[in-house]
Structures are given as C-alpha cells and as structure tokens.
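Structure assessment
The chain contents come next:
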Amino acid sequence: MIRSVVRGVGAALPKRVLSNREMESIVDTSDEWIVQRTGIQQRYIAGEGETTASLGAEAALKAIESAGLSAADIDMIICATSTPDNTFPATAVNIQNRLGITHGFAFDVQAVCSGFVYAVTTADAYIRGGLARRVLVIGAETFSRILDWTDRTTCVLFGDGAGAILLEAAEGAGTTADRGVLTAHLRSDGTHKDKLYVDGGASTTGTVGHLRMEGREVFKHAVGMITDVIEQSFEASGMTAADVDWLVPHQANRRIIDGSAKKLGIPLEKVVVTVAEHGNTSAASIPLALSVAVGDGRIKPGDVVLLEAMGGGFTWGAVLLRW
Ligand code: UT7
C-alpha cells in the first residue's frame, strides 16, 4: 500500500523576539504569571515585510532543501492557516508562486490550531488516493495581527512563525513497521464556537477582527478531547503509548501538554515542548516543534511520532506516523 513518508522538514521565525518582560510594558501582566500559567517565556512577532506567506515559503524551501529536492519536484501544497495574507487567493498559492512553480495545485486548510493535523491528514488522503506524489504541508501564522493588544487574557499567549514538512508517496507493507502516516483521526464540534473565535470576517463585519477566547473554558475541554482522539489512533493502529518515541503536541500551554501526556502515560522526556520559546503559533506550532526536534537529533528515521492538536471550532485531531 502507498504510505506518505516525511522526507524533509523546515521552519521560519520572524526576526523580532518579544519577551514576557517587554509584555509587562504593553498590558497589566507579569513574567511570573505568564510562565506559571502557560510555560511561555517569549514569542516571535512578524515585522514589516514578514507575512504568513513569506514565513511559509521560507519554511517550505528549507523542507524541500532538507529532502535534497527542488521546488520543481513538488506537485501539491497545502497551507494550514487562519491568518492568510489575503482573504483570497489562498496563502498556499501565494507560497507556490514564491517558490517559482506553476505546475501542480495548492490550497489552504482552515482548522485554527488543529490546522496542521488536518493538513497532514488531507495530504495523506491525496497521496494514498494517487492524486499527488510529493506534497508540501505547511503551517504558517501571523496571529500577532489578529490579537487585541489591550486584552491581557489573549495577547500574551500567541506568536508568529511557520513550519513545513515534505511528504512523499512510498510503497509500504501495510503494517505499523512502515514509515509514513499510519493512522489519522479528525474531529470538530461547532457548538463550542463562542469559546474561541475571531470577531470579524469577510461575510459578516467586512473586517479581519480580533481573537476572543474564554481560556478557562477551552482549557477545560482540551485534555479530554486530545486524549480521546489519541486513544482512537491507538485503537485503529493496534499501537499503545509505549510504542510512541515522540509526542509532538500543539503548543498552547505547558499545563495542557503535561496533563495530556500524563493521562496517556507518555513520559515527559518523550514530549517535544517548544511553547517557552515560540508561544502558541496555532497551525505552525507542530511543524515548528518537529523542526526543532529533528534539528537537535531527537527525532530520527524510524521513530514513532504522535502529533495532536485542539483549537477553535472546536477542532481536534491526531496523526500517528513513523518518521
Ligand atoms: O491553541 C488553541 C487552544 N487554546 C488554549 O489551549 C488555551 C487554553 N487556556 C489556557 O491556556 C488558560 O486558560 C489560560 C492561560 C488562557 C489562562 O489560565 P487560567 O489558569 O485558566 O487563568 P484564568 O483565565 O482562570 O485567570 C486567572 C486570573 C484571572 O484573575 P481573577 O479573575 O482570578 O482575579 C485573570 O484576570 O488571571 C488573570 N489573568 C492575568 N493576570 C496576569 C488573565 N490573564 C492574565 C495575564 N496576566 N496575562
């Protein structure tokens, strides 16, 4: 059977770092509160000329290079983002243009913080269905541009950045010993819309709007939803928490990450955590974390890697793959 195997990974961060200390001069907050409640120490903020597409293209190019390929080898691009450069065309098509290619096809996926998990699942379905062979899956965001910088309950949490992986079709035996995506599970439930949303949009206010969140409410649901969908992945694959070499979660809050790992019985040494450095970069957080853990030698070919995310909608999902 055809498997979608990771061939490359890349990341891009804006130049400007915004520390918790600097945040104290913007809103009534403290480094101590932010670290204790979230684990975040700093975040990156896009400056002039840095956009979701520019960061996404930089990450994509690094993923292509790390695979030893060139842009001409790509036949499909998916970009997960909730902060597109324009309402349309899709950021993925903008990135395709920046990579200098006009063949193949590109589109965006919008599932907020679960966007990368949705995009990997979508790419895997296209690859296994024979519609694409080499797919760039990108998570790219500039959440700083939809934050209300007077709202301390949200503006301290998010940051900007992009990450990308290159998936390639490869023949597998159909067992969990195969490299590539082994199983993927997605969920959504719109009854939770008002707990995490943006109060604007093309069809309603005609404005971009600002992010609004009832953090405590989101927190309450997060661990249960995450562990539920991971347990589905274990059931579908016949694998268990003991088989997981690396848990690479969406980086929203250190407490949610630790709580999920504990509930699943995955030791914290096997969890990749980058929330301290990046903050919550929504759809970009998982590929950014993957890039860090591949770069420092933790994630190696053959390792079992579990991706999970939960976010606005609510949306949530998990992907189990062998690197
Ligand atoms: O990525 C998409 C999914 N999003 C998430 O996963 C976010 C989930 N939620 C969270 O991570 C946490 O709920 C937060 C980090 C957002 C908040 O932590 P919390 O422990 O749930 O705090 P809280 O909302 O219950 O607020 C506690 C107190 C409040 O004061 P009172 O009412 O107890 O007097 C807040 O006003 O902390 C206050 N507070 C702050 N204080 C200093 C809220 N934000 C801040 C702040 N600095 N930035």
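Residues numbered from 1 in each chain as written. Predicted model: local features only at pLDDT ≥ 70, side-chain atom pairs only at ≥ 80, totals over all residues. Heavy atoms only, no water.

Here the focus is the sheet that holds strand 1 (residues 2-12). Taken together, 5 strands build an open sheet; the order of strands is 1-7-6-4-5 and the sheet is mixed. Two strands close off the open sheet at either side, each with one partner strand: strand 1 and strand 5 (105-109). Strand-to-strand twist across the sheet, computed as the mean angle between neighbouring axes with direction ignored, equals 20°. Relative to strand 7 (residues 160-171), strand 1 runs antiparallel, the two sharing 10 bridges. Opposite isoleucine 2, over in strand 7, you have glutamate 171 as the bridge partner. Strand contacts of helix 3 (residues 52-66): strand 1, strand 6 (134-142) and strand 7, with the helix running at about 120° to strand 1, the strand carrying the most contacts. (Pairing = 2+ DSSP bridges. Helix = DSSP H or I, 4+ residues; strand = E, 2+ residues; numbered from the N terminus. Axes fitted to C-alpha atoms, helices over the stretch in contact; angles between N-to-C directions. Contact = heavy atoms within 4.5 Å.)

This paragraph deals with the site of the ligand. Residues in close proximity to the ligand total 23 residues, the closest being Thr29, Arg216, Asn253, Arg255 and Asn280. In the model, a nitrogen atom of the ligand is placed 2.8 Å from a nitrogen or oxygen of the arginine 152 main chain. One of the backbone N or O atoms of glycine 215 is found 3.0 Å from a nitrogen atom in the ligand. Alone, the ligand offers 960 Å² of accessible surface; in the complex the protein occludes 77% of this. Among the elements that make up the shell around the ligand, the one with the highest residue count is helix 7 (residues 215-237) (4 residues). Taken together, the residues of the shell around the ligand break down into 11 nonpolar, 7 polar and 5 charged. When residues of the shell around the ligand are assigned to domains, at least three map to each of domain 1 (2-171) and domain 2 (180-322). (Near = heavy atom within 4 Å. Polar contact = N/O pair within 3.5 Å; in protein donor to acceptor, adjacent residues only side chain to side chain. Areas by Shrake-Rupley, 256 points an atom, 1.4 Å probe, with all protein chains shown as cover. Nonpolar A, V, L, I, M, F, W, Y, C, P; charged D, E, K, R; others polar. Domains from an automatic or database assignment.)

Attention shifts here to the packing of helix 7 against helix 8 (residues 254-264). The interhelical angle for the contact between helix 7 and helix 8, taken along N-to-C directions, is 40°, at an axis separation of 10 Å. Between helix 7 and helix 8, the interaxial angle falls into the category oblique. Between helix 7 and helix 8 lies a crossing whose hand is right-handed. On the side of helix 7, the interface is formed by Phe219, Ala222, Val223, Gly224, Ile226, Thr227, Ile230, Glu231 and Phe234, while helix 8 contributes Arg255, Ile256, Gly259, Ser260, Lys263 and Leu264. Its residues assigned to classes, the contact of helix 7 with helix 8 shows 8 nonpolar, 4 polar and 3 charged. (Parallel < 35°, antiparallel > 145°, perpendicular 65-115°, else oblique. Left-handed = near helix turned anticlockwise from the far one by under 90°.)

The next subject is the pattern of salt bridges. Tallied over the entire structure, the rule returns 16 salt bridges. The shortest N-O distance in the salt bridge between aspartate 148 and arginine 212 comes to 3.0 Å. Here aspartate 148, found in the loop between strand 6 and helix 6 (152-155), pairs with arginine 212, found in strand 10 (residues 211-213); they are 64 residues apart in sequence, far enough to count as distant. The exposure class assigned to aspartate 148 is buried, which follows from its relative accessible area of 16%. (Salt bridge = Lys/Arg side-chain N within 4 Å of Asp/Glu carboxyl O. Buried < 20%, exposed > 50% of the residue type's maximum accessible area, 1.4 Å probe, protein only.)

Attention now goes to the sheet that holds strand 8 (residues 180-188). The 4 strands lie next to each other as 8-13-12-11, forming an open sheet whose pairing is mixed. Either end of the sheet is taken by a strand with one partner, and the two such strands are strand 8 and strand 11 (246-249). The mean inter-strand angle of the sheet, taken between neighbouring strand axes irrespective of direction, is 10°. In this sheet, strand 12 (residues 304-311) lies alongside strand 11 in parallel orientation, the contact comprising 4 bridges. The residue bridging proline 249 from the neighbouring strand is glutamate 308, located in strand 12. Packed on one face of the sheet, helix 5 (residues 115-128) meets strand 8, strand 12 and strand 13 (315-322) and runs near 125° to strand 8.

This part is about the domain arrangement of the protein chain. Each domain of the protein chain was delimited in the assignment, giving domain 1 (2-171) and domain 2 (180-322). Taking the mean C-alpha position of each, domain 1 and domain 2 sit 14 Å from one another. Taken together, the contacts link 49 residues of domain 1 with 48 residues of domain 2. Between domain 1 and domain 2, roughly 3700 Å² of surface is buried when both sides are summed, and carbon and sulfur atoms account for 67% of that area. The largest share of the area that domain 1 buries against domain 2 comes from Cys113, Val117 and Ile146, three residues that together contribute 17% of it. Where domain 1 touches domain 2, the interface holds 19 residue pairs in polar contact (both at pLDDT 80 or more). Counting residues per element, the ones that place at least two in the side of domain 1 that touches domain 2 are strand 1, helix 2 (31-38), strand 3 (42-45), helix 5, strand 6 and strand 7. (Buried area = accessible area lost by both parts, 1.4 Å probe.)

Attention now goes to the side chain of threonine 142. By secondary structure assignment, the location of threonine 142 is in strand 6. Take threonine 142: its relative accessible area is 5%, and that puts it in the buried class. A distance of 2.9 Å separates a polar atom in the side chain of threonine 142 from a polar atom in the side chain of threonine 52. Filtering out sequence-adjacent residues up to four positions away, threonine 142 remains in contact with Ala46, Thr51, Thr52, Leu55, Thr83 and Asp160.

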